[in-house]
Amino acid sequence: MIEFENVKTDKNHIIDVLDLYSDALIIAVQPSCNIDKKIGSYRVALIYKEHRKTYEDTITNITSANRCALYGIIAAAKHITRPIDVVLFVTCSYGIKRGLAGKGPNRDLVLMLMSILYNKGCKKVTEILAPGAGYWLLG
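Since the structure is predicted, the reported quantities are computational estimates derived from the model, not experimental observations.

Undergrad: How do you make sense of unusual backbone geometry when you look at a structure like this?
TA: Glycine aside, negative phi is the norm for most residues, and most peptide bonds take the trans geometry. Its identity as a non-glycine residue notwithstanding, Lys-38 has a phi of 55°, on the positive side. You can see Lys-38 is positioned in the loop between strand E2 (25–34) and strand E3 (39–48). Not every positive phi belongs to a glycine, and Lys-49 is a case in point at roughly 50°. Of note, Lys-49 is situated in the loop between E3 and strand E4 (51–60).

As structure tokens, then:
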């Protein structure tokens, strides 16, 4: 079972929060979606200490910005190569807590994400709600 924690902060305290999780892998995502056309894209970064990898992709048949962001987080999680604590820097709640309880419209993606992390040996996921953090971390 993966331990899940939800933390709230603001963009003025991002550095303080980063210091608390200096040994964790940070995943930051920036979604961009046109719901009317059901197309979206994401830019996601995996950050570990001074190392950074960035990925981008376009998704079709997308129904919400939250789902677009979760697809980006899932794509990033697939690149994890060893067991590590994971910190998700998010600009709004993507429904992870509700999804873990089997509720909400994104529960399928949340369970997929947690399955990937579990299979990678990850033990803890911390979702840090910090408006503006994803953009700041993605540079």
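Undergrad: Where do I start with the sheet that holds E4 in this structure?
TA: Within a sheet, each strand pairs with its neighbour through backbone hydrogen bonds, oriented either parallel or antiparallel. Read from one edge of the open sheet, six strands run E1-E6-E5-E2-E3-E4, paired in mixed fashion. Of all the strands in the sheet, the pair left with one neighbour each is strand E1 (3–8) and E4. Averaged over all neighbouring strand pairs, the angle between strand axes comes to 20°, with direction disregarded. Where strand E5 (residues 86–90) and strand E6 (residues 124–129) come together, five bridges link them in parallel fashion. Each bridged residue has a counterpart across the sheet, and for Phe-89 the counterpart in E6 is Ile-128. On top of the sheet, helix H2 (residues 65–77) reaches E2, E3, E4 and E5; it is set at about 140° to E2, its chief contact.

Undergrad: What is the right way to read the packing of aromatic side chains from this model?
TA: Describing an aromatic ring pair means giving the distance of the ring centres and the angle of the ring planes. Per the stated rule, a full pass over the model turns up zero aromatic pairs. The ring of Tyr-48 is capped by Arg-82, whose NZ or CZ atom sits 5.2 Å from the centre of that ring.

Undergrad: Which parts of the structure should I look at to understand the environment of Leu-109?
TA: You can see Leu-109 is positioned in helix H4 (residues 107–119). If near-sequence neighbours (up to four positions away) are discounted, Leu-109 is found in contact with Arg-67, Leu-70, Tyr-71 and Ile-74.

Undergrad: What exactly am I supposed to notice about H2 here?
TA: Structural remark: α-helix, 3.6 residues per turn; residues separated by three or four positions point the same way. Helix length check: H2 (13 residues) gives 18 Å between terminal C-alpha atoms against 18 Å at 1.5 Å per residue, within 8%. Within H2, ten of the 13 residues are buried, which leaves the element mostly enclosed by the surrounding structure. Where H2 is concerned, the buried positions are Arg-67, Cys-68, Ala-69, Leu-70, Gly-72, Ile-73, Ile-74, Ala-75, Ala-76 and Ala-77. Taken together, the buried residues of H2 touch E2, E3, E4, E5, helix H3 (96–100) and H4.

Reading guide: rules and limits
- Counting restarts for each chain: residues are numbered from 1 in the order of the written sequence.
- Totals for whole chains, interfaces and linings use every residue, but because this is a predicted model, local features are given only for residues with pLDDT of at least 70 and side-chain atom pairs only at 80 or more, for both listing and counting.
- As a convention, hydrogens and water are excluded, and side-chain values are obtained from all of the structure's heavy atoms.
- We count a stretch as a helix when DSSP gives it H or I for four or more residues in a row; a strand needs E for two or more, and each element gets its number in order from the N terminus.
- Any two strands are treated as partners once DSSP identifies two or more bridges connecting them.
- Whenever a helix is involved, its axis is fitted only over the stretch in contact; in every case the axis is a line through C-alpha atoms, and angles between N-to-C directions fall within 0 to 180 degrees.
- Working rule for contacts: check all heavy atoms of both residues, and any pair within 4.5 Å makes them a contact.
- Any pair of Phe, Tyr and Trp rings, taking the six-membered ring for Trp, is counted once the centres come within 6.5 Å. Such a pair is stacked with planes under 30 degrees apart, edge-to-face with planes over 60 apart, and tilted for the rest.
- Charge-over-ring contacts are defined here by two conditions on Lys NZ or Arg CZ: a distance within 6 Å of the ring centre and an angle within 35 degrees of the ring normal.
- One fewer than the residue count of a helix, multiplied by 1.5 Å, yields its expected span.
- Summary of the burial criterion: residues with accessible area below 20% of their type's maximum are buried, those above 50% are exposed, and those between are partly exposed, where the area comes from a 1.4 Å probe applied to protein chains only.

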